[in-house]
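Below, each chain spelled out in residue letters.
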Amino acid sequence: MNVIYYLIPVAILFVIVGVIAFFWATKTEQFDDLEKHGLSILMDDDELPAKQETKQDNS
């Protein structure tokens, strides 16, 4: 039963750290664009710009 005297302050400390982390994340605008990173995997990065394609074709 004495372990409860250690667990309650540890749980309160975890809550305080979590709240501080949440407010830090909102302050530094971590939640502004949630869809950009999720959709970035769908974008095709393999295509070369037109100027680079013509330079490689002429070589």
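Draft legend 1. Just the packing of aromatic side chains, in detail. Going through the model one piece at a time under the given rule, you end up with 1 aromatic pair. With 5.6 Å between their ring centres and 65° between their planes, Phe 22 and Phe 23 make a pair best called edge-to-face. Judged by relative accessible area, which is 52%, Phe 23 ranks as exposed.

Draft legend 2. Inspection of helix α1 (residues 4-27) at higher detail. Spanning 24 residues, α1 covers 34 Å between terminal C-alpha atoms, matching the ideal 34 Å at 1.5 Å per step. Positioned one or two residues after α1, Glu 29 has a phi angle of 60°, which is positive.

Draft legend 3. Representation of a negative patch on the surface within the structure. A cluster of like negative charges, contributed by Glu 29, Asp 32, Asp 33 and Glu 35, occupies part of the molecular surface. By secondary structure assignment, the location of Asp 32 is in the loop between α1 and α2 (35-40). Judged by its relative accessible area of 58%, Asp 32 falls in the exposed class.

Draft legend 4. Focus on a nonpolar patch on the surface. Taken together, the side chains of Met 1, Val 3, Ile 4, Tyr 5, Tyr 6, Leu 7, Ile 8, Ile 12, Ile 16 and Ile 20 present a nonpolar region at the surface, about 1,100 Å² in accessible area. With respect to the secondary-structure elements, Leu 7 resides in helix α1. We classify Leu 7 as partly exposed; its relative accessible area is 49%.

Draft legend 5. Representation of the confidence of the model for the protein chain. Of all residues in the protein chain, 75% have pLDDT values of 70 or greater, and the mean over the chain is 81. Mean pLDDT across the secondary structure elements of the protein chain bottoms out at helix α3 (residues 50-58), with 60, and peaks at α1, with 95.

Scoring rules and cut-offs
- Counting from 1, residues in each chain are numbered in the order their sequence is written.
- Owing to the predicted nature of the model, reporting of local features is limited to residues with pLDDT of at least 70; listing and counting of side-chain atom pairs is limited to 80 or more, with chain, interface and lining totals taken over all residues.
- As a rule here, side-chain values cover all heavy atoms of the structure and leave hydrogens and water aside.
- Any pair of Phe, Tyr and Trp rings, taking the six-membered ring for Trp, is counted once the centres come within 6.5 Å. Such a pair is stacked with planes under 30 degrees apart, edge-to-face with planes over 60 apart, and tilted for the rest.
- Note on exposure labels: buried denotes an accessible area under 20% of the residue type's maximum, exposed denotes more than 50%, and partly exposed covers the range between, all computed with a 1.4 Å probe on protein chains only.
- Here a strand is any run of E in DSSP of at least two residues, a helix any run of H or I of at least four, and the numbering for each starts at the N terminus.
- In this analysis, the expected span of each helix is defined as 1.5 Å times one less than the number of residues it contains.
- Patch membership requires more than 30% relative accessible area and the absence of a salt bridge. Residues of like charge join within 9 Å; the nonpolar side chains Val, Leu, Ile, Met, Phe, Trp and Tyr join within 5 Å.
- All accessibility values rest on the Shrake-Rupley procedure with a 1.4 Å probe; residue burial counts only the protein chains present in the view.
- For salt bridges, the criterion is a side-chain nitrogen of Lys or Arg within 4 Å of an Asp or Glu carboxyl oxygen.
- Charge counting treats Lys and Arg as positive and Asp and Glu as negative, with His and both chain ends excluded.
- Every charge is mapped onto a representative atom, which is NZ of Lys, CZ of Arg, CG of Asp or CD of Glu.
- What pLDDT reports is the predictor's confidence in each residue, on a scale of 0 through 100.

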